Amino acid sequence: MNLSDSTDLKTTRTATRVVGAGRRKEWTGAVVNPPVWRASTHLYEDTAALARGSQYNEDGRFFYGRRGSPTQWALCEALTQLEPGAAGTVIYPSGVAAISGVLLTLLKPGDVLLISDNAYDPSRSMGTGLLADFGVETRFFDPLDIEAYTAAFCEKTRAVLLEAPGSLSMEMCDLPQLARIAREKGAISVLDNTWASPLGFAALEKGIDISLMALTKHVGGHSDLMMGSASAGPELYEALRKRAQQLGNVVSPDDAALALRGLRTLSLRLRQEAASALKIAQFLQERAEVAQVLCPMLPGAPGHDVWARDFTGGCGLFSFVFRGGTMEDRNRFVDALQLFGIGFSWGGYESLALPIQPKSARSVMPWPPVSANDAAADRHGVRLAIGLEDPDDLIADIEQALAAWKGA
Ligand SMILES: *Cc1c(COP(=O)(O)O)cnc(C)c1O
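This one's a predicted model, so the numbers in the text were calculated from it and none came from an experiment.

Definitions and cut-offs
Residues numbered from 1 in each chain as written. Predicted model: local features only at pLDDT ≥ 70, side-chain atom pairs only at ≥ 80, totals over all residues. Heavy atoms only, no water. Near = heavy atom within 4 Å. Polar contact = N/O pair within 3.5 Å; in protein donor to acceptor, adjacent residues only side chain to side chain. Areas by Shrake-Rupley, 256 points an atom, 1.4 Å probe, with all protein chains shown as cover. 1 Å grid on protein atoms, 1.4 Å probe; cavity = no way out; pocket = protein on both sides within 12 Å on 5 of 7 lines; lining within 4 Å. Sits in = over half its atoms within 2 Å of the grid points. Helix = DSSP H or I, 4+ residues; strand = E, 2+ residues; numbered from the N terminus. Nonpolar A, V, L, I, M, F, W, Y, C, P; charged D, E, K, R; others polar. Buried < 20%, exposed > 50% of the residue type's maximum accessible area, 1.4 Å probe, protein only. Pairing = 2+ DSSP bridges. Right-handed = clockwise from strand over helix to strand, strands pointing away. Salt bridge = Lys/Arg side-chain N within 4 Å of Asp/Glu carboxyl O. Axes fitted to C-alpha atoms, helices over the stretch in contact; angles between N-to-C directions. Parallel < 35°, antiparallel > 145°, perpendicular 65-115°, else oblique. Left-handed = near helix turned anticlockwise from the far one by under 90°. Contact = heavy atoms within 4.5 Å. Points joined across faces, edges and corners; volume = space filled by probe spheres on them. Domains from an automatic or database assignment. Buried area = accessible area lost by both parts, 1.4 Å probe.

> Would you mind showing me how to read the site of the ligand here?
With respect to spatial proximity, 13 residues lie near the ligand, and among them Gly95, Val96, Asp192, Thr216 and Lys217 are the closest. One nitrogen or oxygen atom from the side chain of Thr216 is found 2.5 Å from an oxygen atom belonging to the ligand. Between the ligand and Lys217, the relevant distance is 2.6 Å, taken from an oxygen atom to a side-chain nitrogen or oxygen of the residue. For the ligand, whose accessible area on its own is 380 Å², the fraction buried by protein is 90%. The pocket occupied by the ligand, as judged from atoms lying within 2 Å of grid points, is the second largest pocket. For the shell around the ligand, the leading source of residues is helix α5 (residues 95-106), giving 3 residues. Residue classes in the shell around the ligand are distributed as 6 nonpolar, 4 polar and 3 charged.

As structure tokens, this is what we get:
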């Protein structure tokens, strides 16, 4: 196997690319994975070389620790090779740092930012908090309402932050259309693509300008690291890279090595998680206690048709809403689960459950979604992150916990 020429991978299928991406021989040497290069100082041959230092401030060249070393470079290159249309990838110390790194690249005082109303709550508060302090105005829009979205643009709209499916409530919007409209209006579209990853949604190919991910979730995959990434075409990549350098964003080589390790099993894990989640979603759909399953991968569920048209995959994360019951009933259900941890985050190998109340993190979209269209559907929902356990064990666990829900 000779992966010294990284372009070899371009013609391969996704699973093959996930295995080979970023494994340049000059970085790995004679072993399979790039070693962990712990480094702040990069040494120069002599003063003449030092004087040329800034020339070395480019990808794949030693310069200074903040620009990373081969371990981080291998991760960046791997992520770029997995995102069709990307010229490069910047990595950040968390998913939230990736979001702020991207927005602080694109926006300046006086600009207007549009944020999808169902975006991850810290993204929303970045708009209303950090960016407001820097003179950027944020407006929220319903990504399912194309007319209102189109009308939300003004002369000063510089960027649009999208996320699909919606955080907690899992609405699936028409991303190619939203991206096309943004481009027509002269704005840059940014997608938080953490849910599908480029394996499930080839964002740049579908018209998105910058695709970002919380690597903390599926790429890490083992609930033991925090990291984020942003991939883009040549011009925006250069801008992101420059701003990340100004902001001092860097990730440790140890974490980069962990992320690379997680990455190698990404396609396998996503496929298994998605299959298990679908099976569990189908089980929940048949239960009288459940008013609505919010899972775009599930035929007949809200957003399924758009998902089936644009996405090639999904993952184990979805939500459902109880039919009737109280918040205490809902919480009793979550507490009765034995195989699910209770916690934030997702994308690890283990299953998690989270009581959800998206209403407080919405300005214009309804909760539960209008598409729930069931008078009995109330606002008590649960988000499940399905891991790699046997789905039949998870179903049995959910079944016994539903008995606790009814035991009010
Ligand atoms: C978790 C998450 C983030 C933030 O990632 P952190 O690494 O926790 O900062 C961003 N977007 C989405 C969709 C997430 O789920």
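> Honestly, the pairing of strand β5 (residues 188-192) in this entry has me stumped. Any pointers?
When a strand is regular, its side chains alternate between the sheet's two faces. Of all 5 residues in β5, 5 are buried, a share of seventy percent or more. Burial of the side chains of β5 extends over both faces: Ile188, Val190 and Asp192 are buried on one face and Ser189 and Leu191 on the other. Bridge count for strand β4 (residues 157-163) against β5 is 5 bridges, and the pairing is parallel. Along β5, the bridge assignment pairs Ala159 with Ile188. Remark: the β4/helix α8 (residues 175-184)/β5 crossover connection has right-handed handedness. By the bridge criterion, 3 bridges tie β5 to strand β6 (residues 210-214) in an arrangement that is parallel. Looking at the pairing, Val190 lines up with Ile210 of β6.

> Honestly, the pattern of salt bridges in this entry has me stumped. Any pointers?
Pairing is possible between side chains of opposite charge, provided their charged atoms come close. Scanning all chains against the criterion turns up 18 salt bridges. Where Asp209 meets Arg183, a salt bridge forms, and the shortest distance between an N and an O atom there is 2.6 Å. One end of the pair, Asp209, is in the loop between α9 (197-200) and β6; the other, Arg183, is in helix α8, with 26 residues separating them in the sequence. The class of Asp209 is buried, set by a relative accessible area of 15%. Residue class for Arg183 comes out partly exposed when judged on its relative accessible area of 48%. Here Glu289 ties to Arg287 by a salt bridge, and the two come within 2.9 Å at their closest N and O atoms. Overall, the relative accessible area of 4% leaves Glu289 in the buried class. One salt-bridge network, in which partners are shared between bridges, spans Asp59, Arg67, Glu238 and Arg241.

> In this structure, what is going on with the packing of α5 against helix α6 (residues 121-133)? I would like to understand it.
Look at α5 against α6: their axes get within 11 Å of each other, and the N-to-C directions meet at 45°. Classed by the angle they form, the pair α5 and α6 counts as oblique. Helix-helix and strand crossings are classified by hand; for α5 and α6 the assignment is right-handed. Contacts from Val96, Ile99, Ser100, Leu103 and Leu104 in α5 reach Pro122, Ser123, Met126, Leu130 and Leu131 in α6. Residue composition of the contact of α5 with α6, grouped by class: 8 nonpolar, 2 polar and no charged.

> Looking at this structure, I do not really get unusual backbone geometry. What am I missing?
Of all residues except glycine, most have a negative phi; of all peptide bonds, most are trans. Going from Ala164 to Pro165, the amide bond is cis rather than trans, its omega being -5°. Looking at where Pro165 falls in the secondary structure, it is placed in the loop between β4 and α8. Even without a glycine there, the phi angle at Ser197 is positive, about 60°. Topologically, Ser197 is positioned in helix α9.

> So what exactly am I meant to see when it comes to the layout of surface pockets here?
With a probe scaled to a water molecule rolled over the atoms, the places where space remains empty come into view. Of the pockets and cavities examined, the largest pocket occupies roughly 740 Å³. In this structure, the largest pocket is lined by 33 residues; those nearest its centre are Cys76, Glu77, Thr80, Gly88 and Thr89. Counting residues per element, the ones that place at least two in the lining of the largest pocket are α4 (70-82), β1 (88-92) and α10 (234-247). Considered class by class, the residues forming the lining of the largest pocket number 13 nonpolar, 11 polar and 9 charged. What the second largest pocket holds in volume is close to 640 Å³. For the second largest pocket, the lining is made up of 35 residues, of which Tyr120, Ser167, Lys217, Trp346 and Arg383 are closest to its centre. Listed by contribution, the elements that provide at least two residues to the lining of the second largest pocket are α5, α6 and β6. Residues that form the lining of the second largest pocket fall into these classes: 20 nonpolar, 9 polar and 6 charged.

> Explanation requested: the domain arrangement of the protein in the structure shown.
In many analyses, interface size is given as the accessible surface area lost on bringing the parts together. Parsing the protein into structural domains produces domain 1 (3-263) and domain 2 (266-407). One C-alpha centre belongs to domain 1, the other to domain 2; they are set 28 Å apart. Residue-level contacts link 41 residues of domain 1 with 38 residues of domain 2. Per-residue buried area on domain 1 facing domain 2 is highest for Leu168, Trp195 and His218; these three make up 24% of the total on that side. Where domain 1 touches domain 2, the interface holds 1 salt bridge. As a salt-bridge pair, Asp174 and Arg309 come within 2.8 Å of each other at their nearest N and O atoms.

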